[in-house]
Protein chains: 2
Amino acid sequence: MRIGFLQLRPKFGATKKNVKKVITLLSRVSDATIVLPELFNTGYLFRNKEELASLAERIPGGYTVTELKKIAKLKRLNLIFGMAQKAQRKYYNAAVYVSEKGKVEVYQKVHLFEREKLFFTRGKSLKVISSGEAKLGIMICFDWIFPEVSRSLTLKGAQILCHPSNLILPYAQAAMKTRCIENRVFAITANRIGTERMGTGSLTFTGGSQVVDPTGEVIVSAGDRSESLKVIDVNIEEAKNKNVTPANNIIDDRVPSLYSVICSKKK
Amino acid sequence: MRIGFLQLRPKFGATKKNVKKVITLLSRVSDATIVLPELFNTGYLFRNKEELASLAERIPGGYTVTELKKIAKLKRLNLIFGMAQKAQRKYYNAAVYVSEKGKVEVYQKVHLFEREKLFFTRGKSLKVISSGEAKLGIMICFDWIFPEVSRSLTLKGAQILCHPSNLILPYAQAAMKTRCIENRVFAITANRIGTERMGTGSLTFTGGSQVVDPTGEVIVSAGDRSESLKVIDVNIEEAKNKNVTPANNIIDDRVPSLYSVICSKKK
């Protein structure tokens, strides 16, 4: 099975330009599962809810999903990409899955970061998608810091964590290695690069997209300066073996009755 | 508050020798919370349950706890150390807390590693201890791989993860940085060094004891060749601030209703 990422430098607000570039880049590969960054088609730093409203799209009817369905079909790709979703009068920071056969699924980001809380509605469920021979667990950017996300996705059957990101903090790449070790899954983190400015503020995104295997090894990665499309062959069976030693299965060895505080309602 | 570790090279089966060495080393410090390795007084590689039975001790009545209570009182230390516990007809891989005032508490390892399953009974609860100005969450070695352990301890109030270890795999030191970042706690991993042989097999322990702060930074560490006692001043208030950004509190941002699979009974 071939999996990988497309690390990008989107231009803020230029949806068509960003989508067209992605289609050009994706036309170089085929028969693969590729993760793109969070909000890849619009950029990240919305001034206000009105600006978000003008850039968010319907899923599946909008421009971006329609275009990416075409390239997915043409090149036999399964794509996972981040974009702003308009649904009724709400806006979600979403990750869309588009299969080579035209199937569309959506995960709406649960753990919103910083100013995202001003504009976006929080998602209400985690998402595992059956995709050909693999099960994909979807998480977006800041979801990484909550160990409950990748653990829940694993327990629901995910074998590959697909992780569209707009990372600005320096922690996630190393933490995703821990996520892979503790869950014995693959993880694809697709980050973006570039700087966005708004008023006197700016954000610089840190690149370093990577694919990590179930032993925590980074098997392919990108730097922080260039757009980068990388694909690698993996054996999905490795994510089905949960034994770290002959006597230790990291799923069977769990003692859920001792973890109840994790699932308790907050006070 | 002063916290640290004592990295050791125990001699297998030589309890008195190991304890005396520790007392000599600990006499160099005072007014601190110090973590020692797992099974520091006996070594690790028990041939069989009979050998374990001959080396395990009662807690608090046995030799090791009695001796360490004396040095804890003399030097105003709070100590956390690993040892084999005999309790009725069961044996536990235990971590003992001895305070400067003579208070004794015990955590019995929940997630047993490899051959430990042949001899030891699994513990039935997690443990957070109020120790002066701090709350200590106790975990032993392989407990690290289960994110539920450090998360549960944090949710129960732990500010410092005290982590006696006999590590042979290369993953834990990096993973403990993730544990600190995702929980915003301190962690003290006290590992051992040296090689133990049994028949044709042997285990080499990897040292690299460390103290990590709530941002994931290693603030003091040891190599893999020498016994090492290191103590550092920390501000425990840093572990009470759970905000990674002004708008993101990593505890308040959790959505426990979405994590229920983690606490579900196994099928």
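Structure's up top.
Residues numbered from 1 in each chain as written. Chains lettered and ligands numbered in written order. Predicted model: local features only at pLDDT ≥ 70, side-chain atom pairs only at ≥ 80, totals over all residues. Heavy atoms only, no water.

S.K.: Looking at this structure, how should I read the sheet that holds strand E14 (residues 228-233) of chain A?
M.R.: Sheet strands line up and pair through hydrogen bonds in the backbone, either parallel or antiparallel. Residues and elements named next belong to chain A. Spatially, E5-E4-E3-E2-E1-E14 is the arrangement adopted by the six strands of the open sheet, whose pairing is mixed. The sheet is open, and its two borders are formed by strand E5 (104-108) and E14, each paired with just one other strand. Averaged over all pairs of adjacent strands, the angle between strand axes in this sheet comes to 25°, irrespective of strand direction. The sheet contact formed by strand E2 (residues 32-35) and strand E3 (residues 77-87) spans four bridges and is parallel. Bridge pairing in E3 links Ala32 to Leu77. (Pairing = 2+ DSSP bridges. Helix = DSSP H or I, 4+ residues; strand = E, 2+ residues; numbered from the N terminus. Axes fitted to C-alpha atoms, helices over the stretch in contact; angles between N-to-C directions.)

S.K.: Is there a simple way to think about the packing of helix H5 (residues 147-155) of chain A against helix H5 (residues 147-155) of chain B in this case?
M.R.: Two quantities define a packed helix pair, namely the angle between the axes and the distance from one axis to the other. In the contact formed by H5(A) and H5(B), the axes pass within 11 Å of each other and the chain directions differ by 140°. Taken together, the axes of H5(A) and H5(B) are oblique relative to one another. Between H5(A) and H5(B) the crossing geometry is left-handed. Residue-level contacts link Pro147(A), Glu148(A) and Arg151(A) of H5(A) to Pro147(B), Glu148(B) and Arg151(B) of H5(B). A per-class count over the contact of H5(A) with H5(B) returns two nonpolar, no polar and four charged. (Parallel < 35°, antiparallel > 145°, perpendicular 65-115°, else oblique. Left-handed = near helix turned anticlockwise from the far one by under 90°. Contact = heavy atoms within 4.5 Å. Nonpolar A, V, L, I, M, F, W, Y, C, P; charged D, E, K, R; others polar.)

S.K.: Whenever I open this one, the interface of chain B and chain A confuses me. Can you help?
M.R.: Where interface size is quoted, it is often the accessible area lost as the parts come together. In this assembly, 48 residues from chain B lie in contact with 48 residues from chain A. Around 4300 Å² of area is buried between chain B and chain A when both sides are counted, 64% of it from carbon and sulfur atoms. Among the residues of chain B in contact with chain A, Leu258(B), Ile262(B) and Lys266(B) are the three that bury the most area, contributing 13% of the side total. In this structure, Arg254(A) and Glu148(B) form a salt bridge, with 2.9 Å as the shortest nitrogen-oxygen distance. Listed by contribution, the elements that provide at least two residues to the side of chain B that touches chain A are H5, helix H6 (172-183), strand E15 (243-245) and helix H7 (260-263) of chain B. (Buried area = accessible area lost by both parts, 1.4 Å probe. Salt bridge = Lys/Arg side-chain N within 4 Å of Asp/Glu carboxyl O.)

S.K.: Would you mind showing me how to read helix H1 (residues 15-26) of chain A here?
M.R.: At 3.6 residues per turn, the α-helix brings residues three or four places apart onto the same side. Residue and element names in this part refer to chain A. Over its 12 residues, H1 runs 16 Å from end to end, which matches the ideal 16 Å to within 8%, given 1.5 Å per residue. For H1, the complete set of buried residues consists of Thr15, Asn18, Val19, Val22, Leu25 and Leu26. Angular distribution of buried residues about the axis of H1 spans 125°; they occupy a single face of the element. Facing away from the buried side of H1 by more than 90 degrees, the exposed set consists of Lys16, Lys17 and Lys20. (Expected span 1.5 Å × (residues − 1). Buried < 20%, exposed > 50% of the residue type's maximum accessible area, 1.4 Å probe, protein only. Arc of directions from axis to C-beta.)

S.K.: Honestly, the packing of aromatic side chains in this entry has me stumped. Any pointers?
M.R.: Given two aromatic rings, their pairing is described by the distance between the two centres and the angle made by the two planes. Residues and elements named next belong to chain A. Overall, the coordinates contain 12 aromatic pairs over all chains when judged by the stated rule. Pairing Phe40 with Phe81 gives two aromatic rings, centres 5.7 Å apart and planes at 80°, and the pair type is edge-to-face. Of this pair, Phe40 sits in the loop between E2 and helix H2 (49-55) while Phe81 is found in strand E3, placing the two residues 41 residues apart along the sequence. We note that Phe40, like Phe81, is buried. On the numbers, 6.2 Å between centres and 75° between planes, the contact of Phe46 with Phe120 is edge-to-face. (Phe/Tyr/Trp six-rings, centres within 6.5 Å; stacked < 30°, edge-to-face > 60°.)

S.K.: How should I be thinking about the sheet that holds strand E6 (residues 127-131) of chain B in this particular structure?
M.R.: Residue and element names in this part refer to chain B. Taking strand neighbours across the sheet as the criterion, the six strands line up as E6-E7-E8-E9-E12-E13 in an open arrangement whose pairing is mixed. The open sheet is flanked by E6 and strand E13 (218-221), the only strands paired with a single partner. Going across the sheet, the axis of each strand differs from the next one's by a mean of 20°, ignoring polarity. Here E6 pairs with strand E7 (residues 134-138) via five bridges, running antiparallel. Bridge pairing links Val128 to Gly137 in E7.

S.K.: Even after reading the chapter, I still don't get the environment of Ser226(B), so can you show me in this structure?
M.R.: In this structure, Ser226(B) sits in the loop between E13 and strand E14 (228-233). C-alpha separation for the pair Ser226(B) and Leu136(B), spaced 90 residues apart in sequence, amounts to 27 Å.

S.K.: Would you take a moment to explain the pairing of E7(B) for this structure?
M.R.: Each regular strand shows side chains that alternate between the opposite faces of the sheet. Residues and elements named next belong to chain B. Taking burial as the measure, the five residues of E7 include four buried ones, the bulk of the element. Where E6 folds back onto E7 in an antiparallel hairpin, the turn is made up of two residues, including Gly132, whose phi is positive at roughly 55°. Bridge count between E7 and strand E8 (residues 160-164): three bridges; the pairing is parallel. Looking across to E8, one finds that Ile138 is bridged to Cys162. For the crossover from E7 across H5 to E8, the handedness is right-handed. (Right-handed = clockwise from strand over helix to strand, strands pointing away.)

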